[in-house]
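Below, each chain spelled out in residue letters.
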Amino acid sequence: MNYLLRSDRWLVSRCARVRGWRPSGRLLSSLSLLMVLLVGCAGSETAAQQLPTHLVPSQQSSDSIVRVASDWLRTLTIEERIGQLIIPIWEPRYDEASRARCLRLIDQIGPGGVLFRKGEPYDQYRLTHLLQEQSRIPLLITADAEWGLAMRLQGTIRYPRMKQLADHCTPEEMYTLGQHMAQQCRVMGIQVSFAPVLDVNNNPKNPVIGSRSLGATPDIVISHGLALAKGLEDGGVLSVAKHFPGHGNTDKDSHKTLPTVSGTLEELNQVELAPFRAYIDAGLGGIMVAHLSVPALEPDVSCPSSLSHAIVTGLLREQMGFQGLIFTDGLEMRGVQRTEGLPISVAAILAGNDFLLGPLDPLASYQELLAAYRSGILPAEVINDRCLRILCYKLLLHAGATSESPLYNKEQLYEALHTPEMRALAKQLQNKVSQK
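In this text, all values refer to a predicted model and were calculated from it rather than measured experimentally.

A.B. asks: Account for the confidence of the model for the chain, with residues named and values stated.
C.D. replies: On average, residues of the chain score 89 in pLDDT, and 87% of them reach the 70 mark or higher. Scored below 50 in pLDDT, residues 1-8 makes 28 contacts in the model with residues more than four places away or belonging to other chains. Low pLDDT, under 50, characterises residues 12-47; the stretch is placed with 62 contacts to residues that sit more than four places away or in other chains.

As structure tokens, then:
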């Protein structure tokens, strides 16, 4: 059975069990129909969580999604809930050994999602569908696609870098670009895009952000970054703004070491945090937390921002009011490595992150979380909070994708990723940035 059809049938069965409703004809086919169904499933219980308003503008719908997700959560064991907090990073290879390795980890930990490295689109497409079929809980397939799928997938449409686009294009064009990016992601079975980059690139010595950033001032980053994010989310793909609380004013690369952001709290509020505050105020849905030392926000200068409760929970969740999904930056990066204290996996969840992205050893991270739960270090309430939020997004992002049609062959996939409209926009944008 197609995994998307299976997940929709699960949702219908949840609502049928709650309300005795029996569907007839074709199953759910759009998010608007899902909203109607969820409202019909809502009980009188007050929802503990809320969802960002851009994805779910109605509070009644938000409460209903949380209630259905809560029903789902109660069916999961603590082991399954812990597995949902982990996103391994895999090569998108479809050879027998690679498939077996991925399927073994699916069976061992039941991860919440997957991020693929660079590869060939058809291999990733087939592997995605295989993993979804084998996963008891639908996966969130994520993509590091700041300037489109071509950042990771060969032979896909290539767009200019973000700095070039912001210099030459309007926010309206950025919104359309976001929609096209989302369409390509959905073709590939991707629900989450790690974009836009909301770092203000105001340090010429920065070795890692550069043209990935939309510009050197908060205004240009906000106007064009939020337009791209809205295009992605209106296209059915979760945007994830990065790299909170701002990686622009550094002179080191967090892939290699722990950089320091040395601004005062006032400076951070005016520059680094401004785009993220605008993103949150717009009701957008995902944020990635960087591995940075930020003395104005976390007095322990050896503590990366991704492991700081003061930054992830105190600032991002409580002060700035972010209600969406929080991802760590890649946990294989040297900026987050340490030899003392709690395991990185446990510290990151306790800090307030929902997802652990790319642990060095996903199985070991799973075992560390489970051991921390059994020893009382990681409370069940924390695990449930993170898992419930993840399940809410799975309901949202897998809705409207029901399809009983056969999978694409290689030629059909290429055509779906290169429609005339997509190619025309890419040419239009390239011509604009090429103008002197």
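A.B. asks: Outline the sheet that holds strand β2 (residues 89-90), supporting the account with residue identities and numerical values.
C.D. replies: One open sheet holds the five strands; their spatial order is β2-β3-β4-β5-β6, and the pairing between them is parallel. Looking at strand neighbours, the two that pair on one side only are β2 and β6 (238-239), the edges of this open sheet. Sheet topology note: the strand β5 (residues 192-193)/β6 ladder contains two bridges and is parallel. Paired with serine 193 across the two strands is serine 239, which belongs to β6. Contacts from helix α15 (residues 380-398) reach β4 (140-143), β5 and β6, with the element oriented near 80 degrees to β4.

A.B. asks: Help me get a handle on the pattern of salt bridges, residues and values and all.
C.D. replies: Counted according to the given criterion, the structure contains 17 salt bridges. One salt bridge connects aspartate 144 with lysine 242, and the closest N-O pair in it is separated by 2.8 Å. You can see aspartate 144 sitting in the loop between β4 and α7 (162-168) and its partner lysine 242 sitting in strand β7 (residues 241-244), a full 98 residues away along the chain. Take aspartate 144 and lysine 242: they sit in the same class, and that class is buried. One salt bridge connects aspartate 354 with arginine 317, and the closest N-O pair in it is separated by 2.8 Å. You can see aspartate 354 sitting in the loop between α13 (344-351) and β10 (356-357) and its partner arginine 317 sitting in helix α12 (residues 309-319), a full 37 residues away along the chain. Of the two residues, aspartate 354 and arginine 317, neither departs from the other in class, the shared state being buried. What emerges from the salt-bridge pattern is a single network uniting Asp144, Glu146, Arg152, Arg212 and Lys242.

A.B. asks: Explain α13 to me, and be specific about the residues and the numbers.
C.D. replies: α13 sits mainly inside the fold: seven of its eight residues count as buried. Among all positions of α13, only Ile344, Ser345, Val346, Ala347, Ala348, Ile349 and Ala351 are buried. On its buried side, α13 packs onto α12, β9 (325-328), β10, α14 (362-374) and α15. Looking one or two places after α13, you find glycine 352, whose phi comes out positive at around 130 degrees.

A.B. asks: Would you mind going over the sheet that holds β9 in detail, with residue names and values included?
C.D. replies: Taken in spatial order, the three strands line up as β7-β8-β9 in an open sheet, and their pairing is parallel. The open sheet has two free edges, formed respectively by β7 and β9, since each of these has just one partner strand. Strand-to-strand, the axes of this sheet are offset by a mean angle of 30 degrees, without reference to chain direction. Pairing between strand β8 (residues 286-289) and β9: four bridges, direction parallel. Paired with isoleucine 287 across the strands is isoleucine 326, a residue of β9.

A.B. asks: Please give an account of the packing of helix α5 (residues 96-109) against helix α6 (residues 121-134) that cites residues and values.
C.D. replies: In the contact formed by α5 and α6, the axes pass within 10 Å of each other and the chain directions differ by 30 degrees. Taken as axis vectors, α5 and α6 run roughly parallel relative to one another. The way α5 lies across α6 gives a crossing that is right-handed. Counted together, Arg99, Cys102, Leu103 and Ile106 of α5 and Leu127, Leu130, Leu131 and Gln134 of α6 form the full contact between these two elements.

A.B. asks: Break down the environment of proline 259 for me, with residues and values.
C.D. replies: Within the fold, proline 259 resides in the loop between β7 and α10 (265-270). With a relative accessible area of 0%, proline 259 lands in the buried category. On a C-alpha basis, the gap between proline 259 and glycine 335 in space is 7.3 Å, while along the polypeptide they are 76 residues apart. With sequence-adjacent residues up to four places away left out, proline 259 is seen in contact with His247, Thr250, Lys252, Asp253, Ser254, His291, Leu292 and Ser293.

A.B. asks: Describe the environment of serine 64, with residues and values.
C.D. replies: Along the chain, serine 64 falls in helix α3 (residues 59-73). A residue is classified by how much of its surface remains accessible, and serine 64, at 1% relative accessible area, is buried.

How each quantity is defined
- Residues numbered from 1 in each chain as written.
- Predicted model: local features only at pLDDT ≥ 70, side-chain atom pairs only at ≥ 80, totals over all residues.
- Heavy atoms only, no water.
- pLDDT = per-residue confidence, 0-100.
- Contact = heavy atoms within 4.5 Å.
- Pairing = 2+ DSSP bridges.
- Helix = DSSP H or I, 4+ residues; strand = E, 2+ residues; numbered from the N terminus.
- Axes fitted to C-alpha atoms, helices over the stretch in contact; angles between N-to-C directions.
- Salt bridge = Lys/Arg side-chain N within 4 Å of Asp/Glu carboxyl O.
- Buried < 20%, exposed > 50% of the residue type's maximum accessible area, 1.4 Å probe, protein only.
- Parallel < 35°, antiparallel > 145°, perpendicular 65-115°, else oblique.
- Left-handed = near helix turned anticlockwise from the far one by under 90°.

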